[in-house]
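These are the residues of each chain, in order.
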Amino acid sequence: MVKYAVSAPQADLLRELAAVSDAVHVPPGRTQVAWALEQRGLIKRTWRGSGHVAVVTPDGRYYLKHGKHPRQVQAEKERLAGDSAQAALAPVGGAELVSRLLSASGTITVADPAPRTRGRWRAAFYDALHHGHVPGGHKVRWNGRQRGDCVFTLVNEEAEKARQSPPVPSIDVPKVLDRPHPLVRVTREAMGRSQGTVDTRGRAEAIPLHVSRPLADRALRIMHALLTEAENRGYTAEPQTDLQRGEALHTLAIVIRGRAFPLVLTERTTKVPHEPTPKEVRQKERNPWIRLPKYDEEFNGRLALGAPAKSW
């Protein structure tokens, strides 16, 4: 049983104490372990001098010899001794099991039954399952088939489905942009012919992007699908301009029922060890005190859609 279970650190301390005939001082760092053993009746502690000393009890030596707490062994014997009487109280078939479930508001728990009792409940469950005793639109669930408590539940499938959250609708992203959204066209022009990093954050009338050039096309297709779907649902996509510290801050927002949700699409980065460039190597040779960065942030191909930072 769980309350008699002993962890590896507890078992180690118990063996150490049992190896010594006299009471042993418990180190301060193992006070909690000793307390747990005392709660299980496996050791006895007393205060001596500046700390606790402990000795192993007869129950503790029994545990070390047999690997089980004596009270756990006794409880198992009592459980098995009452198995026949408990089995006689189990339902005789599936019809009785369902009837009991209906009377018990749909749930019955059988506390850690012994083998014969568990077998009788198992037989009633399968009889209900295979011989038409379960009411239409319902199903019977069973947890604890091999060990622990047996829990039988009569479930109304329609009510269960009604309680489940509706599936999140998906948005199809086109493979090719034949007729891109107007904001996508503006953003594509703002990107220019740069072969490095694409960064349109802060560009007026453009979609805020910060991605590597190989992912730029995919980013535009995703934003086209998102903006088009938003407008199909009656929302609007609006470029917005605000003042921040006296400078114009350009953003893009989806406006839903009068509330604006700013968006930016960025590519995630991964920290990698910095590889010095030839120029940095020459600078380091001339000026040894120059400190080069230990790491660089590199794009990793994973896109993230979310709210923009307050400033770039």
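Scroll up a little and you will see the structure.
Not measured: the values here are computed from a predicted model.

(A) Region of the structure containing helix α6 (residues 94-103). Three or more residues of α6 are buried, namely G94, L97, V98 and L101. On an axial view of α6, the arc spanned by its buried residues comes to 95°, and they lie on one face.

(B) Expanded view of the packing of aromatic side chains. Overall, the coordinates contain six aromatic pairs when judged by the stated rule. Centre to centre, the rings of Y126 and W142 are 6.3 Å apart; their planes meet at 80°, and the pair counts as edge-to-face. Remark: W142 occurs in strand β5 (residues 138-143) and Y126 occurs in helix α7 (residues 115-130); sequence separation between them is 16 residues. With a centroid separation of 5.5 Å and 15° between ring planes, the pair formed by W142 and F152 is classed as stacked. Pair noted here: W142 is in strand β5 and F152 is in strand β6 (residues 150-156), with a separation of 10 residues, a long-range link. Here the two residues W142 and F152 agree in accessibility, since each one is buried. Taken together, the aromatic side chains of W121, F125, Y126, W142 and F152 make up a single cluster linked through ring pairs. Lying over the aromatic face of Y295, K271 brings its terminal NZ or CZ to 5.4 Å of the ring centre.

(C) Quick peek at the sheet that holds strand β2 (residues 43-48). On the basis of which strands lie adjacent, the open sheet formed by three strands has the order β1-β3-β2 and antiparallel pairing. Every other strand in the sheet has two partners, leaving β1 (24-25) and β2 as the edge strands with one partner each. Pairing of β1 with strand β3 (residues 51-56), which is carried by two bridges, proceeds in the antiparallel orientation. When the sheet's bridge partners are listed, H25 is paired in β3 with V53. Sheet strands in contact with helix α1 (residues 8-18) are β1, β2 and β3, and its direction is about 80° off that of β3.

Cut-offs used in this document
Residues numbered from 1 in each chain as written. Predicted model: local features only at pLDDT ≥ 70, side-chain atom pairs only at ≥ 80, totals over all residues. Heavy atoms only, no water. Buried < 20%, exposed > 50% of the residue type's maximum accessible area, 1.4 Å probe, protein only. Helix = DSSP H or I, 4+ residues; strand = E, 2+ residues; numbered from the N terminus. Arc of directions from axis to C-beta. Phe/Tyr/Trp six-rings, centres within 6.5 Å; stacked < 30°, edge-to-face > 60°. Lys NZ or Arg CZ within 6 Å of the ring centre and 35° of its normal. Pairing = 2+ DSSP bridges. Contact = heavy atoms within 4.5 Å. Axes fitted to C-alpha atoms, helices over the stretch in contact; angles between N-to-C directions.

Keep in mind these numbers describe shape, not what the thing actually does.
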